Each structure stands twice: as C-alpha cells, then as structure tokens.
Amino acid sequence: MTTHGFFYVINHGYSPEQTGRIFDVADVPFSKVSEEEKEKYAGTMKQTGSYQGYKLRQYWHIDGGVRDQVENYNINRDVTKRQHPEALRPLLPEIEKFAHHNHEQVLHPILRLLALGMELPEETFVNMHGFSNVGETYIRFMKYYPRSQEEEKASKNVWLKGHTDFGTITILYSQPVAALQILTKDGTWKWVKHLENALVINAGDSLEFLSGGFYRATIHRVVQPPPDQQNFTRLGVFYFVMTDDDVVLEPLQESPVLKRVGITTSFNGAKPPTQEEWRKGRTAAYGQTELKAAEKGVEEEFINGVLVKHYN
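Cut-offs applied
Residues numbered from 1 in each chain as written. Predicted model: local features only at pLDDT ≥ 70, side-chain atom pairs only at ≥ 80, totals over all residues. Heavy atoms only, no water. Core = buried A, V, L, I, M, F, W, Y, C linked by side-chain atoms within 4.5 Å. Buried < 20%, exposed > 50% of the residue type's maximum accessible area, 1.4 Å probe, protein only. Contact = heavy atoms within 4.5 Å. Helix = DSSP H or I, 4+ residues; strand = E, 2+ residues; numbered from the N terminus. Expected span 1.5 Å × (residues − 1). Phe/Tyr/Trp six-rings, centres within 6.5 Å; stacked < 30°, edge-to-face > 60°. Lys NZ or Arg CZ within 6 Å of the ring centre and 35° of its normal. Pairing = 2+ DSSP bridges.

Peer 1: Even after reading the chapter, I still don't get the nonpolar core, so can you show me in this structure?
Peer 2: In this structure, Ile95, Phe125, Phe141, Ile169 and Ile171 are the most contacted members of the largest nonpolar core, which totals 87 residues. Once residues within four sequence positions are removed from consideration, isoleucine 95 is found in contact with Val25, Ile75, Val79, Leu88, Ile139 and Phe141.

Peer 1: What exactly am I supposed to notice about helix H1 (residues 16–31) here?
Peer 2: Each full turn of the α-helix corresponds to 3.6 residues, which orients residues three or four apart in the same direction. With 16 residues, H1 ought to run about 22 Å at 1.5 Å a step, and its terminal C-alpha atoms sit 22 Å apart, in line with that. Taken as a whole, H1 has its buried residues at Thr19, Ile22, Phe23, Val25, Ala26, Val28, Pro29 and Phe30.

Peer 1: Just to check I follow, could you spell out the packing of aromatic side chains for this structure?
Peer 2: The relative placement of two aromatic rings is captured by the distance of their centres and the angle of their planes. Inspection of the entire model under this criterion finds nine aromatic pairs. Arranged with centres 5.1 Å apart and planes meeting at 55 degrees, the rings of phenylalanine 214 and tyrosine 215 form a pair that is tilted. Just as phenylalanine 214 is buried, tyrosine 215 falls in that class too. Between the aromatic rings of phenylalanine 238 and phenylalanine 240, the centroid separation amounts to 5.3 Å while the plane-to-plane angle is 15 degrees, which identifies the pairing as stacked. Both residues of the pair, phenylalanine 238 and phenylalanine 240, belong to the buried class. Each residue in the set Tyr14, Phe98 and Tyr173 is aromatic and connected to the rest through ring pairs, giving one cluster. Its end group placed over the ring of phenylalanine 131, arginine 77 keeps NZ or CZ at 5.9 Å from the ring centre.

Peer 1: Could you clarify how one ought to interpret the pairing of strand E16 (residues 306–311) in this entry?
Peer 2: Side chains on a regular strand alternate between the two faces of the sheet. Relative to E16, strand E15 (residues 298–303) runs antiparallel, the two sharing six bridges. Within E16, the position partnered with phenylalanine 302 by the bridge is leucine 307. Hairpin connection, E15 to E16: the antiparallel pair is bridged by two residues, and asparagine 304 has positive phi, about 55 degrees.

Peer 1: How should I be thinking about unusual backbone geometry in this particular structure?
Peer 2: What you tend to see is this: most non-glycine residues have negative phi, and most peptide bonds are trans. Positive phi, close to 60 degrees, is recorded for glutamate 119, a residue that is not glycine. Following the sequence through the fold, glutamate 119 ends up in the loop between helix H4 (92–117) and strand E6 (138–144). The phi angle at asparagine 197 is positive, at roughly 55 degrees, despite the residue not being glycine. Here asparagine 197 shows up in the loop between strand E10 (189–191) and strand E11 (199–203).

Here it is in structure tokens:
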C-alpha cells in the first residue's frame, strides 16, 4: 500500500457461483435495455459531478481524437436514489444486498487494517464511510466493446489513460479478459493478472490525501487486450468507495506513523477539499477537459486547485 496502493483479496464471502451471478446481473443494463431507454437514464456527469445512471459510449475523449467504446451503469449504494431501467428493477434487491456485502464484509475490514497500519483507532476510516450517510459510493457495471484498428492505432492501443481513482478504495471483481495495468515505481506498466473469484483492490486520491501520502493512490490504465482476447467484450463489476461527503480530505496528523515518517502529499497551498468537492470536480472533468502536456508521457490539469496527472 505504501508503494503501489494495490492488492488482491480472497475469501471475501462470495462463492464462485454468487460472483458469477453478479456478472450475469451486470450484463442486464447493456444487453436487455434498448438504446432509447439507455438515453432516458443517461447520467449528467458534467453538470452534476455525479456518476449515476449510464455513462454512454463515446462520452470520454481518450487520445488522438478517439472517443471511448465503454458503457457503464452506475447505481448508488442506496438503490432507491433514482429510477432504473425496467429490466433492472426486479434485480434491485439483489443489487442492494451486493452493496451491503461490499461495504460491510469487504470494505470495513480493509479500512480497519489501514487504520491500524497508521496506528490510528481501528474505526477511524470506518466512521468516515457510513452506508446511510450522504455520499456517492456506488456500484458500477461496465462493458468495454472492441474498437476498430484505426481507433487502436490513433490512441496507441490505450482504452483509458493512466489515472488514479478519486475515492478512497476501489473494489474490482477480477474477470478473465486482460486489459488492466498498473504503473510500477520503475516506470513500467504491469498487467494485472486474473485470479478466479478474487477482488482487485486499489487506493484512490482520497485515501492518499487522508494518509498524508503514506498510502499511495494506484496509477492504472486500460489497454487493448492481448491478441487472443481482442474480439471479446469485457464486462466489469466494481464498488467505488468514497467517504461521507462532508469529510475534509486533509492528512490525519494525529497518526503516530505520520509523526515519524512525515507527510508527503501536499496541496501546494490549496485548501484541502471535502470529498463532495473532490468527487464532483474529478467526475465533471474526466474525459471532458483539455489536458496540458507536462513531462514525457504525462498530462496535467488542476481541480479545486489540486494538481491531477494523467499518464499516457
């Protein structure tokens, strides 16, 4: 966690059959909903800074004039927060149960370990992530569709540029089509290997901010799968975690660990944002803004006065 902000979880309480069932559910908003109905439930990310509903294909600009071929459907952990497509409605009790499982049986144990790692009271991070509090923690079902050779060439085979997630923790259910890579300390991209019925966990900006840089936000990207997998669609199941909206993302200076090792994440004089300010700024900007070239392979933008880097 102090090097790459990344690890796997096994023995998480879901059997392979239960996990398989969730992937079946995840495909419903894509395969069982018409294009017209999808438009009706499209999200308003740029206007509201909220990822609720569909992120339709070609919304994000990737590179070289190429737009994405990724569809996702986002459901707040409170599944009653907004209406859903008709095909999904009978599945909402299952989806809500899935949210509770991730929040209480996966997230909370991880948050307790992270607090202990900083020599803080065990419930420190748990108390910032109330299931029923005001916040934007959500389930995402995501489907990547194959792209044309022209698009692959123009974007250098990159499907999503290297980036950090903006929440505290991202829970990804491992699936067999390879495409996810993380940037290692030596500057090379490494494939994330599929482990059957495992969870891929990565840290985001908010955890890096709260931990004063002690825990690192994982820099990761999505690229074209290897040749033998390039004709498959790639279905993803995620639980994107954020603190309660009113939490200020400043380092927990009371940590004895930070007193010893120091704080390395700086806001460069900017006021630390709340989780609400940070998630809204990052959500509204992603794939929509003009990025400024910095050092080789890195582009930058400022959000809420904080420098955000994208890696290509």
